[in-house]
Amino acid sequence: MARQEERDDDKVRLDKWLWAARFFKTRQLAHEALELGRVLVNGDRVKASRVVKEGDRLLLRLNQLEYNVEVLQLSTQRRPAKEAVLMYREDEASIAAREERTLLLKAEHASFPHGDGRPTKKARREISRFKSSF
């Protein structure tokens, strides 16, 4: 019986590993990302049921950001974030590119004009007068 458990620990579904490594909040979200092709394993599009192995290279596209990671450990249990980070190693180039993209998105968001909120009573009267003049 113990040998069967050891073999099961060696086989981890990709969607379960992505959930355990905290890339997704639920296994369903991980499954959907795999279905949509947002996760590539060794450059190939794969199904959620694929068995992930140590040494596999994953390219994840999440929220306009890309992660290029290598699988270091297998786990089916969702652990704290500090432990989950030990399950993979991310390339330095990937980290730099993601930080640059994050800064670009923040700058883009800051430069986007935002409204002043709801109109005041005076502004509503002016809008009403403007509309009634047609």
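Check the entry above for the structure.
Quick caveat: nothing in here was measured; it's all calculated off a predicted structure. Sequence positions are assigned chain by chain, starting from 1 and proceeding in written order. Two thresholds apply to this predicted model, a pLDDT of at least 70 for residue-level local features and 80 or more for giving and counting side-chain atom pairs, whereas whole-chain, interface and lining totals are computed over all residues. Side-chain numbers come from the whole structure's heavy atoms, not from hydrogens or water.

Novice: Would you mind showing me how to read the packing of aromatic side chains here?
Specialist: For any pair of aromatic rings, the description rests on two quantities: the centre-to-centre distance and the angle between the ring planes. Aromatic pairing here means that ring centres of Phe, Tyr or Trp (its six-membered ring) are within 6.5 Å. Orientation follows from the plane angle: under 30 degrees is stacked, over 60 is edge-to-face, and everything else is tilted. Taken as a whole and assessed by the stated rule, the structure comprises 4 aromatic pairs. Ring plane angle 35° and centroid distance 6.3 Å describe the contact between Trp17 and Phe23, whose orientation is recorded as tilted. By relative accessible area, Trp17 is classed as buried at 0%. A centroid spacing of 4.8 Å and a plane angle of 40° characterise the contact between Phe23 and Tyr88, whose relative ring orientation is tilted. Of this pair, Phe23 sits in the loop between α2 (14–20) and α3 (27–35) while Tyr88 sits in strand β7 (residues 88–90); the two residues are 65 residues apart in sequence, bridging distant segments of the chain. The same class applies to Phe23 and to Tyr88, which are both buried. Put simply, the rings of Trp17, Phe23, Tyr67 and Tyr88 touch in pairs and so form one group of aromatic residues. Buried residues are those whose accessible area, probed at 1.4 Å on protein chains only, stays under 20% of the maximum for their type, while exposed residues exceed 50% and partly exposed ones sit between those limits. A run of H or I in DSSP becomes a helix once it reaches four residues, and a run of E becomes a strand once it reaches two; helices and strands are each numbered from the N terminus.

Novice: Hey, could you run me through a positive patch on the surface in this one?
Specialist: On the surface, a cluster of positive charge is contributed by Arg118, Lys121, Arg124, Arg125 and Arg129. Inspection of the secondary structure puts Arg129 in helix α6 (residues 121–132). A residue is classified by how much of its surface remains accessible, and Arg129, at 53% relative accessible area, is exposed. Put simply, a patch holds well-exposed residues, over 30% relative accessible area, that have no salt bridge, with like charges counted together within 9 Å and Val, Leu, Ile, Met, Phe, Trp or Tyr side chains within 5 Å. The accessible surface values rely on the Shrake-Rupley method and a 1.4 Å probe; as for residues, cover is taken only from the protein chains in view. Note on definitions: salt bridges are taken to be side-chain nitrogens of Lys or Arg within 4 Å of carboxyl oxygens of Asp or Glu. Here Asp and Glu are counted as negative and Lys and Arg as positive; His is not counted, and neither are the chain ends. Where a charge lies is defined by one atom per residue type: Lys uses NZ, Arg uses CZ, Asp uses CG and Glu uses CD.

Novice: I'm lost on the nonpolar core in this one. Help?
Specialist: For soluble globular proteins, the rule of thumb is that nonpolar side chains tend to be buried together. With 25 residues, the main nonpolar core has Leu14, Trp17, Leu18, Phe23, Phe24, Leu58 and Leu60 as its most contacted residues. Listed by contribution, the elements that provide at least two residues to this core are α2, α3, β2 (39–41), β5 (57–62) and β6 (65–71). What makes a nonpolar core is a set of buried Ala, Val, Leu, Ile, Met, Phe, Trp, Tyr and Cys residues whose side-chain atoms join them at distances within 4.5 Å.

Novice: Could you clarify how one ought to interpret the side chain of Arg98 in this entry?
Specialist: With respect to the helices and strands, the residue Arg98 is situated in helix α5 (residues 92–111). In what follows, residue pairs with any heavy atoms lying within 4.5 Å of each other are defined as contacts. Contacts of Arg98, omitting those with residues within four sequence positions, involve Leu65, Glu66, Tyr67 and Glu90.

Novice: Can you help me understand the pattern of salt bridges in this one?
Specialist: When the charged atoms of two side chains with opposite charge come close together, those side chains can pair. Scanning all chains against the criterion turns up 9 salt bridges. A salt bridge links Arg27 to Asp15; the shortest N-O distance between them is 3.6 Å. Placement of Arg27 in helix α3 and of Asp15 in helix α2 is noted, with a sequence separation of 12 residues between them. Residue class for Arg27 comes out partly exposed when judged on its relative accessible area of 33%. You can call Asp15 buried: its relative accessible area is 3%. Each of Arg57, Glu70, Arg89 and Asp91 takes part in salt bridges that share partners, so that together they form one network.

Novice: I would appreciate a short explanation of the pairing of β5 in the present structure.
Specialist: Every other side chain in a regular strand lies on the same face of the sheet, so the side chains alternate between the two faces. Burial along β5 is one-sided: Leu58, Leu60 and Leu62 are buried, while Arg57, Leu59 and Arg61, pointing the other way, are not. Two strands form a pair only when DSSP identifies at least two bridges running between them. Taken together, the 3 bridges between β2 and β5 define a ladder with antiparallel strand orientation. From the neighbouring strand, Leu40 faces β5, where its bridge partner is Leu59. Pairing of β5 with β6, which is carried by 6 bridges, proceeds in the antiparallel orientation. Looking across to β6, one finds that Leu62 is bridged to Leu65.

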